[in-house]
Amino acid sequence: MKVASILSLSLSLLAASAEVIPKTDYDVIVVGGGPAGLSALSGVSRVRRSALLFDDHRYRNGPTRNMHDVIGNDGTPPDEFRGLAREQISKYPSAHFKNGTVKSITSTGTDDVSAFTVTDATGKNYTARKIVLGTGLRDVLPDTPGLQESFGKGIWWCPWCDGWEHRDQPLGVLGNLSDVFGSVLETNTLFSDITAFVNGTQNPEGEAQATASHDDWKEQLKAWNVKIDNRTITSIERIQDGAVHQNKTLDAQYDKFLVHFTEGEPVERGAFITNFHTAQRTDLAYKMGLNVSDEKIVVDTSGMRASEFGVYAIGDANSDGSTNVPHAMFSGKKAAVYLHVQLSREDSASKISKRGDLSYRELEKEARRAIGDNLEPQWAKATRRN
Ligand SMILES: Cc1cc2nc3c(=O)[nH]c(=O)nc-3n(C[C@H](O)[C@H](O)[C@H](O)COP(=O)(O)OP(=O)(O)OC[C@H]3O[C@@H](n4cnc5c(N)ncnc54)[C@H](O)[C@@H]3O)c2cc1C
Ligand SMILES: *[C@@H]1O[C@H](CO)[C@@H](O)[C@H](O)[C@H]1NC(C)=O
Ligand SMILES: *[C@@H]1O[C@H](CO)[C@@H](O)[C@H](O)[C@H]1NC(C)=O
Ligand SMILES: *[C@@H]1O[C@H](CO)[C@@H](O)[C@H](O)[C@H]1NC(C)=O
Ligand SMILES: *[C@@H]1O[C@H](CO)[C@@H](O)[C@H](O)[C@H]1NC(C)=O
Ligand SMILES: *[C@@H]1O[C@H](CO)[C@@H](O)[C@H](O)[C@H]1NC(C)=O
Ligand SMILES: *[C@@H]1O[C@H](CO)[C@@H](O)[C@H](O)[C@H]1NC(C)=O
Ligand SMILES: *[C@@H]1O[C@H](CO)[C@@H](O)[C@H](O)[C@H]1NC(C)=O
């Protein structure tokens, strides 16, 4: 008899006896092998929870040359960082890795005891009691020729990630007029020659949107000496590659680009900060019917719990308002602690053969005690956007 059919058989008995713990292939299945998923895997494996991590290698920071602002690993190429993490986690016997795509996740549990069947791209099924989604986001870029190829290599959305290496060079801001002031607030300590290429959005609607978020944006942009170029962008041409033109002593990368327009002369810049949309990397959360708001899986940040019992969302994909590697690791760790304690509560309740009190309030208290809750207010303040 296959595990899956044993599972569905035992689950059909669950309604009558809530204390029965379903027999599954793993305690936890983690989807996504970026810093979020790897951190969750580490956290559950060190307390000997059996876990399987699926990954299909579409990492958000895949295009970047180096990862920054991750203490102890400032400047490490992201694939090296993930490789080291995998190597270190591999020593825990209950940690398992699988290269592959998860196609669907079906709940087979009850209100009291969660269980899931995970189906991969080959049609194979795997079962687990808890699911962690560390599936990430993707950047939705306009199809402007030259943009996609250079994204992460002189054209970036996050000054903490790549600003320093281009400091004091001529900076371009790409995005709508209403996003320019926010970009200047983030970059003014690194750049003084800033031109915003607003691509035709300097119109009454764009101005009204800008005013809605910052009353006196016009005066303030003037005070920072920011130029606004409203022409329609046709392409962004790379004329020098900062991967080759570098000064390692200075930690400087010298990319050079020309912005071309439907009319007039092109403009040269050394780097760009962008303001474009992001979207869920995978449609899993939608297919599972989770609450996804504004392309973010809505979580209760006390334990990174998604809207379905037994499902956790971490890293860029979740809604706690922060998208960077330290947040990915933090949220993965937080989910790992929470779900381990949750599993132990379920196990513990089943041992005394009566339905345990699995109130969220108690569970939260337990998890907070284990991870410490003093960091949360600081995170909320410091990482509101990045
Ligand atoms: C160009 C660029 C540069 C950046 N530089 C930095 C930096 O210097 N410092 C910093 O802190 N942050 C940086 N970031 C942000 C950083 O990349 C993200 O915050 C981080 O990668 C989030 O980690 P994650 O684990 O949530 O997602 P990801 O790293 O994107 O990993 C998600 C993984 O899940 C996999 N996956 C998704 N769906 C499925 C599925 N159905 N089945 C199997 N696998 C699946 C994906 O293929 C991917 O491998 C940068 C971002 C960009 C775009
Ligand atoms: C799985 O992917 C990782 C990361 O790219 C790679 O190091 C490893 O060799 C792959 N394993 C298999 C079995 O293909
Ligand atoms: C895999 O699980 C799904 C969902 O529970 C089920 O519909 C399907 O029949 C299973 N496939 C196999 C090969 O067991
Ligand atoms: C510029 O605007 C045009 C027309 O609205 C649009 O198609 C294009 O994607 C925009 N380019 C950028 C870089 O925003
Ligand atoms: C900016 O460009 C748009 C689209 O071409 C145009 O409608 C608008 O009038 C321009 N704004 C200014 C200030 O020239
Ligand atoms: C890098 O910068 C340092 C310090 O300004 C300078 O001495 C050195 O010559 C530069 N190296 C290259 C290769 O330009
Ligand atoms: C920029 O403005 C256009 C037109 O109003 C809109 O469709 C688009 O979503 C805006 N982009 C961002 C990143 O807000
Ligand atoms: C989804 O989450 C949003 C944001 O927290 C909330 O406002 C909304 O009520 C939720 N919707 C459902 C159906 O739970």
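One structure accompanies this document, and this report is about it. Everything quoted here is computed from the prediction, not taken from an experiment.

Here the focus is the overall build of the protein chain. For the protein chain, the helix and strand inventory stands at 12 helices and 21 strands. Of all 386 residues assigned to the protein chain, the portion counted as buried reaches 49%. Restricting the contact set of the protein chain to residue pairs at least 6 apart, pairs at least 24 apart contribute 64%.

Glancing now at the packing of helix H2 (residues 35–45) against helix H10 (residues 325–351). Helix packing for two helices is described by the angle between their axes and how far apart those axes are. Interhelical geometry of H2 versus H10 gives an angle of 35° and a closest axis separation of 7 Å. Two packed elements cross with a definite hand, and for H2 against H10 that hand is right-handed. For the pair formed by H2 and H10, the contact residues are Pro35, Ala36, Ser39, Ala40, Gly43 and Val44 on the first element and Val325, Ala328, Met329, Gly332, Lys333, Ala336 and Leu339 on the second. Looking at the contact of H2 with H10, its residues break down into 9 nonpolar, 3 polar and 1 charged.

Picture the strands of a sheet paired through backbone hydrogen bonds; they go either parallel or antiparallel. Ordered by their spatial adjacency, 3 strands build an open sheet running S12-S15-S16, and the pairing between neighbours is antiparallel. At either margin of the open sheet sits one strand with a lone partner, and together these are strand S12 (233–240) and strand S16 (267–269). With direction set aside, neighbouring strand axes in the sheet form an average angle of 25°.

The next point concerns the state of the cysteines. One pass over the full model with this rule turns up 1 disulfide. Note that cysteine 158 is cross-linked by a disulfide to cysteine 161, the S-S spacing being 2.2 Å. Given an S-S torsion of about 80°, the disulfide between cysteine 158 and cysteine 161 has right-handed geometry.

Taken together, Thr106, Thr117 and Asn125 make up the full set of residues adjacent to ligand 3. Protein chains shield 41% of the accessible area of ligand 3, which is 360 Å² for the free molecule.

The subject of this paragraph is the site of ligand 7. Neighbouring ligand 7 are the residues Asn176, Asn275 and His277. Residue asparagine 176 places a side-chain N or O atom 2.3 Å away from an oxygen atom belonging to ligand 7. Here an oxygen atom of ligand 7 sits 3.0 Å away from a polar atom, N or O, in the side chain of histidine 277. Compared with its free state, where it exposes 360 Å², ligand 7 has 48% of that area covered by protein.

Applying the stated criterion to the full structure yields 18 salt bridges. Across the salt bridge formed by aspartate 347 and arginine 49, the nearest N and O atoms sit 3.4 Å from each other. Placement of aspartate 347 in helix H10 and of arginine 49 in the loop between H2 and strand S2 (51–55) is noted, with a sequence separation of 298 residues between them. One salt bridge in this structure joins aspartate 255 and arginine 65, with 2.8 Å as the shortest N-O distance.

Moving on: the nonpolar core. Within the largest apolar cluster, 47 residues are counted, with the highest numbers of intra-cluster contacts made by Ile29, Ile105, Leu133 and Ile297. Considering each element in turn, this core owes the most residues, 7 residues, to H10. Setting aside residues no more than four positions away along its own chain, isoleucine 29 makes contact with Leu52, Phe54, Val118, Tyr126, Thr127, Ala128, Lys130, Ile131 and Val132. Residues Leu171, Val173, Val226 and Ile273 belong to the second largest nonpolar core, which totals 18 residues.

Turning to the pairing of strand S17 (residues 271–274), a few remarks are in order. Along a regular strand, successive side chains alternate from one face of the sheet to the other. Side chains of S17 alternate between two faces, with Ala271 and Ile273 and Phe272 and Thr274 buried alike. Sheet topology places strand S8 (residues 155–156) next to S17; 2 bridges connect them, and they run parallel. Within S17, the position partnered with tryptophan 156 by the bridge is isoleucine 273. Note that strand S9 (residues 171–174) and S17 share 4 bridges and pair parallel. What sits directly across from valine 173, in S17, is isoleucine 273.

Cut-offs applied
- Residues numbered from 1 in each chain as written.
- Chains lettered and ligands numbered in written order.
- Predicted model: local features only at pLDDT ≥ 70, side-chain atom pairs only at ≥ 80, totals over all residues.
- Heavy atoms only, no water.
- Helix = DSSP H or I, 4+ residues; strand = E, 2+ residues; numbered from the N terminus.
- Buried < 20%, exposed > 50% of the residue type's maximum accessible area, 1.4 Å probe, protein only.
- Contact = heavy atoms within 4.5 Å.
- Axes fitted to C-alpha atoms, helices over the stretch in contact; angles between N-to-C directions.
- Left-handed = near helix turned anticlockwise from the far one by under 90°.
- Nonpolar A, V, L, I, M, F, W, Y, C, P; charged D, E, K, R; others polar.
- Pairing = 2+ DSSP bridges.
- Disulfide = S-S within 2.5 Å.
- Near = heavy atom within 4 Å.
- Areas by Shrake-Rupley, 256 points an atom, 1.4 Å probe, with all protein chains shown as cover.
- Polar contact = N/O pair within 3.5 Å; in protein donor to acceptor, adjacent residues only side chain to side chain.
- Salt bridge = Lys/Arg side-chain N within 4 Å of Asp/Glu carboxyl O.
- Core = buried A, V, L, I, M, F, W, Y, C linked by side-chain atoms within 4.5 Å.

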